[in-house]
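Working through the structure, step by step
The lines below spell out each chain.
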Amino acid sequence: MSNKTFMMIKPDAVERGLIGKILNDISEAGFEIISLKLTHLSIDDARLFYSVHKDRPFFNDLTQYMSRSPIVAAVLKKESAVSEFRNLIGDTDPKNAKDGTIRAKYAISKGENSIHGSDSDENAEIESTFHFPK
Ligand code: IDP
Ligand code: MG
């Protein structure tokens, strides 16, 4: 699915009422929303979704954070969606994110960084199916 990616608006952004602003930024950047839902991950969902990071020191904080309040999950369509969307959201750490990127505008910290974007076509497919089973 080279023209699709998966994204989540994370708890820190939903808590601060930023769903509308972030969806607007995404639409203005030319992404079409294919699937969209508000959901609340359980701790087990968060541990499964981020299992590639299970041995990292931040895994416990990450999974607590991702399950503490609702998120928005969506599948997006655009040419070169994965790389285009990673450019739109910016670096993991908002201190290193370019001006105008979603993380530069809204993220609180490297952990609470407001938005997720898949890092490969393969992961976009896996993550989309996790949230929107076929
Ligand atoms: P990414 O979201 O930019 O792809 P990853 O390295 O895949 O970044 O990490 C997944 C998520 O884990 C990050 O978005 C962030 O929420 C959290 N995270 C990553 N590195 C750190 C860290 O050093 N401290 C705290 N949280 C982190
Ligand atoms: Mg990642």
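Scroll up to find the structure this text is about.
Now for a description of the structure that goes with this document. (Residues numbered from 1 in each chain as written. Chains lettered and ligands numbered in written order. Predicted model: local features only at pLDDT ≥ 70, side-chain atom pairs only at ≥ 80, totals over all residues. Heavy atoms only, no water.)

1. Side note on the site of ligand 1
Taken together, the residues surrounding ligand 1 are Lys 10, His 53, Phe 58, Leu 62, Arg 86, Thr 92, Arg 103, Lys 110, Gly 111 and Asn 113. Contacts to ligand 1 include Lys 10, whose side-chain N or O atom sits 2.9 Å from an oxygen atom. In this structure, an oxygen atom belonging to ligand 1 sits 2.7 Å away from a main-chain N or O atom of Gly 111. For ligand 1, the protein covers 78% of the area, taking 520 Å² as the surface of the free molecule. Among the residues forming the shell around ligand 1, the class breakdown is two nonpolar, four polar and four charged. (Near = heavy atom within 4 Å. Polar contact = N/O pair within 3.5 Å; in protein donor to acceptor, adjacent residues only side chain to side chain. Areas by Shrake-Rupley, 256 points an atom, 1.4 Å probe, with all protein chains shown as cover. Nonpolar A, V, L, I, M, F, W, Y, C, P; charged D, E, K, R; others polar.)

2. Describing the pattern of salt bridges
As enumerated under the stated definition, the model contains eight salt bridges in all. Between Glu 15 and Arg 68 there is a salt bridge; the shortest N-O distance is 2.8 Å. Remark: Arg 68 occurs in the loop between helix 4 (59–66) and strand 3 (71–77) and Glu 15 occurs in helix 1 (residues 11–15); sequence separation between them is 53 residues. Under the relative-accessibility criterion, Arg 68 is labelled partly exposed at 39%. Counted as one network, the salt bridges with shared partners bring together Glu 15, Arg 68 and Glu 112. (Salt bridge = Lys/Arg side-chain N within 4 Å of Asp/Glu carboxyl O. Helix = DSSP H or I, 4+ residues; strand = E, 2+ residues; numbered from the N terminus. Buried < 20%, exposed > 50% of the residue type's maximum accessible area, 1.4 Å probe, protein only.)

3. Notes on the pairing of strand 3
With respect to burial, strand 3 is a largely interior element, six of its seven residues being buried. As judged from the six bridges shared by strand 1 (residues 4–9) and strand 3, these two strands associate in the antiparallel manner. Considered in strand 3, the bridge of Met 7 is made with Ala 74. (Pairing = 2+ DSSP bridges.)

4. Some thoughts on the sheet that holds strand 4 (residues 115–117)
If you walk across this open sheet you meet the four strands as 2-3-1-4, and the pairing is antiparallel. Only two strands of the sheet have a single partner each, and these edge strands are strand 2 (32–39) and strand 4. Direction aside, neighbouring strands of the sheet carry axes that sit 15° apart on average. Here strand 1 pairs with strand 4 via three bridges, running antiparallel. Residue pairing across strands places Ile 9 opposite Ile 115, the latter belonging to strand 4. Where helix 5 (residues 81–89) meets the sheet, it contacts strand 1, strand 3 and strand 4, and its direction lies at approximately 155° from that of strand 4. (Axes fitted to C-alpha atoms, helices over the stretch in contact; angles between N-to-C directions. Contact = heavy atoms within 4.5 Å.)

5. A word on the packing of aromatic side chains
Tallied over the entire structure, the rule returns four aromatic pairs. With centroids separated by 6.0 Å and ring planes inclined at 50°, the aromatic side chains of Phe 6 and Phe 49 adopt a geometry described as tilted. In this pair, Phe 6 is assigned in strand 1 and Phe 49 in helix 3 (residues 43–49), connecting sequence segments 43 residues apart. Of the two residues, Phe 6 and Phe 49, both sit in the buried class. Pairing Phe 49 with Tyr 50 gives two aromatic rings, centres 5.0 Å apart and planes at 80°, and the pair type is edge-to-face. (Phe/Tyr/Trp six-rings, centres within 6.5 Å; stacked < 30°, edge-to-face > 60°.)

6. Section: unusual backbone geometry
Of note, the phi angle at Ser 80 is positive, near 50°, even though the residue is not glycine. Relative to the assigned elements, Ser 80 resides in the loop between strand 3 and helix 5. For Ser 80, a relative accessible area of 37% translates into the label partly exposed. At Ser 114, a position not held by glycine, the phi torsion is positive, near 70°. Turning to its location among the elements, Ser 114 is positioned in the loop between helix 6 (102–106) and strand 4.

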